[in-house]
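Spelled out, the chains give:
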Amino acid sequence: MSSPVGVLAVQGDFEKHLQAVADVGRTGMEVRTPEDLARVDRLILPGGESTTVGLLLQRYGLGEAIRRAAAEGMPLWGTCMGMILLAKEIEARRQFTLGLMDIAVRRNAFGAQVHSFEDAVELDGFERPLLGVFIRAPIVVRTGPEVQVLARYGDRIVAVRQGVRLGTSFHPELTEDRRLHEWFCRW
Amino acid sequence: MAATFQPAKTWREKVGLAEMLKGGVIMDVVTPEQARIAEDAGAVAVMALERVPADIRRDGGVARMSDPELILRIKEAVSIPVMAKCRIGHFVEAEILEALEVDFIDESEVLTPADEENHVDKHRFTVPFVCGARNLGEALRRCAEGAAMIRTKGEAGTGDVVEAVRHMRTIMAQIRRVQSCREDELYVLAKEMQAPLEFVRMVRELGKLPVPNFSAGGIATPADAALMMKLGAESVFVGSGIFKSGDPARRAKAIVEAVLFHNDPKRLAEISRNLGEPMVGISAATVPPEQQMAVRGW
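What this report covers is the structure whose coordinates are included nearby. (Residues numbered from 1 in each chain as written. Chains lettered and ligands numbered in written order. Predicted model: local features only at pLDDT ≥ 70, side-chain atom pairs only at ≥ 80, totals over all residues. Heavy atoms only, no water.)

For the rest of this paragraph, the subject is the overall build of chain B. Summing up its helical and strand segments, chain B has 13 helices and 8 strands in all. Compactness check: chain B gives a C-alpha radius of gyration of 18 Å against a globular reference of 19 Å for 298 residues, within 12% of the reference. The buried share of chain B, reckoned over its 298 residues, is 59%. By sequence separation, contacts in chain B at least 24 residues apart represent 66% of the contacts at least 6 residues apart. For chain B, the accessible area works out to roughly 11,800 Å², and carbon and sulfur atoms hold 51% of it. (Helix = DSSP H or I, 4+ residues; strand = E, 2+ residues; numbered from the N terminus. Rg over C-alpha atoms; globule rule 2.2 N^0.38 Å. Buried < 20%, exposed > 50% of the residue type's maximum accessible area, 1.4 Å probe, protein only. Contact = heavy atoms within 4.5 Å. Areas by Shrake-Rupley, 256 points an atom, 1.4 Å probe, with all protein chains shown as cover.)

A count of helices and strands for chain A gives 6 helices and 12 strands. Expected size for 187 residues packed as a compact globule is a radius of gyration near 16 Å; at 15 Å, chain A falls within 12% of this value. Dimensions of chain A, computed from the C-alpha atoms along their principal axes, are close to 40 × 35 × 35 Å. The buried share of chain A, taken over its 187 residues, is 64%. Relative to all contacts within chain A whose residues are 6 or more apart in sequence, the contacts with residues 24 or more apart total 64%.

Attention now moves to unusual backbone geometry. Positive phi values are uncommon outside glycine, yet Ala92 of chain A reaches one of about 60°. For Ala92 of chain A, the position within the fold is in the loop between β5 (87-90) and β6 (101-106). Positive phi is not limited to glycine here, since Asn274 of chain B has a value of about 55°. Summarising the element assignment, Asn274 of chain B is placed in the segment after α13 (265-271). Under the relative-accessibility criterion, Asn274 of chain B is labelled exposed at 60%.

Looking now at helix α4 (residues 62-71) of chain A. Residues and elements named next belong to chain A. Taken residue by residue, α4 has Leu62, Gly63, Ala65, Ile66, Ala69 and Ala70 as its buried positions. Down the axis of α4, the smallest arc covering the buried residues is 160°, so these residues share one side. One or two steps after α4, the chain reaches Gly73, where phi turns positive at roughly 100°. (Arc of directions from axis to C-beta.)

This paragraph deals with a nonpolar patch on the surface. Judged by side-chain polarity, Phe91, Val92 and Ile96 of chain B come together as a nonpolar surface patch covering roughly 240 Å² of accessible area. Here Val92 of chain B shows up in helix α5 (residues 91-99). (Patch = residues over 30% accessible without salt bridge, like charges linked within 9 Å, V, L, I, M, F, W, Y side chains within 5 Å. Salt bridge = Lys/Arg side-chain N within 4 Å of Asp/Glu carboxyl O.)

Counting from both sides, the interface comprises 43 residues of chain B and, opposite them, 46 residues of chain A. Carbon and sulfur atoms make up 57% of the area that chain B and chain A hide from each other, which totals about 3,500 Å². Linking chain B with chain A are 6 salt bridges. A salt bridge links Arg12 of chain B to Glu176 of chain A; its shortest N-O distance comes to 3.9 Å. Counting across the chain B and chain A interface gives 18 residue pairs in polar contact (both at pLDDT 80 or more). Going through the elements one at a time, α1 (11-20), α2 (32-41), α12 (248-260) and α13 of chain B are the ones with two or more residues in the side of chain B that touches chain A. At 7 residues, α1 of chain B tops the list of elements feeding residues into the side of chain B that touches chain A. Tallied by class, the residues present in the side of chain B that touches chain A amount to 19 nonpolar, 9 polar and 15 charged. (Buried area = accessible area lost by both parts, 1.4 Å probe. Polar contact = N/O pair within 3.5 Å; in protein donor to acceptor, adjacent residues only side chain to side chain. Nonpolar A, V, L, I, M, F, W, Y, C, P; charged D, E, K, R; others polar.)

Residues and elements named next belong to chain B. For the pair helix α8 (residues 186-193) and helix α9 (residues 197-206), interaxial distance at closest approach is 9 Å and the crossing angle is 115°. Classed by the angle they form, the pair α8 and α9 counts as roughly perpendicular. Note on packing geometry: the crossing formed by α8 with α9 is right-handed. Touching Leu186, Tyr187, Ala190 and Met193 of α8 are Leu197, Val200, Arg201 and Arg204, all from α9. For the contact of α8 with α9, a count of residues per class yields 6 nonpolar, no polar and 2 charged. (Axes fitted to C-alpha atoms, helices over the stretch in contact; angles between N-to-C directions. Parallel < 35°, antiparallel > 145°, perpendicular 65-115°, else oblique. Left-handed = near helix turned anticlockwise from the far one by under 90°.)

Residue and element names in this part refer to chain A. Taking every second residue as pointing to the same face, both faces of strand β3 (residues 42-45) are buried, with Arg42 and Ile44 on one and Leu43 and Leu45 on the other. Looking at chain direction, strand β1 (residues 5-8) and β3 are connected through 3 bridges and run parallel. Counted as the bridge partner of Val5 is Arg42 from β3. (Pairing = 2+ DSSP bridges.)

Turning to the pattern of salt bridges, a few remarks are in order. Residues and elements named next belong to chain B. The final tally for this structure, using the stated rule, is 42 salt bridges over all chains. As a salt-bridge pair, Arg87 and Glu93 come within 2.8 Å of each other at their nearest N and O atoms. Where Arg124 meets Glu95, a salt bridge forms, and the shortest distance between an N and an O atom there is 2.9 Å. Residue Arg124 is located in the loop between β4 (104-108) and β5 (129-133), and its partner Glu95 is located in helix α5; the two are separated by 29 residues in the primary sequence.

Take a negative patch on the surface next. A surface patch of negative charge is lined by Glu50, Asp67, Glu69 and Glu76 of chain B. Mapped onto the elements of the fold, Glu69 of chain B is located in helix α4 (residues 68-77). (Lys, Arg positive; Asp, Glu negative; His and termini not counted. Charge placed at Lys NZ, Arg CZ, Asp CG, Glu CD.)

Residue and element names in this part refer to chain B. Buried residues dominate helix α6 (residues 136-144), accounting for 7 of its 9 residues. Every buried residue of α6 is accounted for by Leu136, Gly137, Glu138, Ala139, Leu140, Arg142 and Cys143. The opening residue of α6 is Asn135, an N-cap whose side-chain oxygen sits 3.2 Å from the backbone nitrogen of Gly137. One or two positions beyond α6, positive phi appears at Gly146, with a value near 110°.

So, on to the side chain of Glu93 of chain B. All names here are of chain B. Tracing the chain through its elements places Glu93 in helix α5. Taking the relative accessible area as the measure of exposure, Glu93 reaches 5% and is therefore buried. Within the structure, the side chain of Glu93 is placed 3.3 Å from the backbone nitrogen of Met65, a separation counted as a polar contact.

Listed below in structure tokens is the structure:
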């Protein structure tokens, strides 16, 4: 029997990811402590507020535990805030991140909530486009040599992959399309 | 690819932002400095106000939307979402707040209502709204008008959690009642609750409100915040409780942690230590009827 799929449940829309994980036939598990993390075989970092979650990751040793698990090859996927937390660098801000992907991100790249939107996004390796739900979304403004760009929206980078680490600006968990969850759960 | 840009007019983006705020604390702030303290403490959003509810209560008079200048300065000060309040039914204040690009509008009973019959038609706005409720019928009426988030009203500005508890327990009990009744009893139940039938059906299917359900009104300590989470709140608003206390930065941080660890009494004990003076508060039971905020709106 395979280990559960972890969803970082510090703050944000983790319930939506747990539902999506269940929809693709896997057992999801809320991860709040290093002990929780030890029981899962991969981790999804959901949408939420990066300042809030960053603070709590630092305060309770969970951030360090995620870095150790990543070093041992645990697959990680960050959506929106999750991608910010995985980034090495945040443009024009000093703020805690895990620094696990060689990318720089721009927070709220499209502006305030009234500029949130949804639209089709074509992702490398996927036949049909996905519905991208962008909510106060970040974009990637710099990628290192090991980072593969999976999707752009116009000229903005909105999905990236580095080995078994995945980052998306948008929220597949808020749609009914489960292709990305299916894909990530196979890694 | 063709980028056909569609602004957030859809339900998904509105409720989506509310989803992102789950498991967090939204703090009332009256200055950019307070907003930064809130952000540094781990708030998921701030509510930009001229006066916190405790001061509105003390000062009396008509309470209105805050000065746009203040809201803009607070927006500049932080990277987290900024909310602001309009009066119940005052759709022009709401239009102004939308033009200021606040991230969420609270159509709030804390301000003096502008319309005693109609709430704002929230469907025609791009910005999402949060509204207060004391029971399931009220919550669903607000959802029907387009609210993307519901919060229990509690009794704002008292520092007394009793009304927030009453409202959350009422909503959760009524949800259980909707779930346990027969399909053919929903019509009368909807009539009794004065709630639209299709929304009552939705509650029956989901076992919860169709939008995130937060708590507000009287939360002053980490234990209060944890209590509301355990009763079913998905996040908490803290108004006067933080910046009317002795050590706001510390208390703010503690309340954020208490929401995260609401199921862990040992951690809560640690979190609650040495926080300095809480807001003094007034017992909600002693607030005369004409000064009660929760009864505003219907």
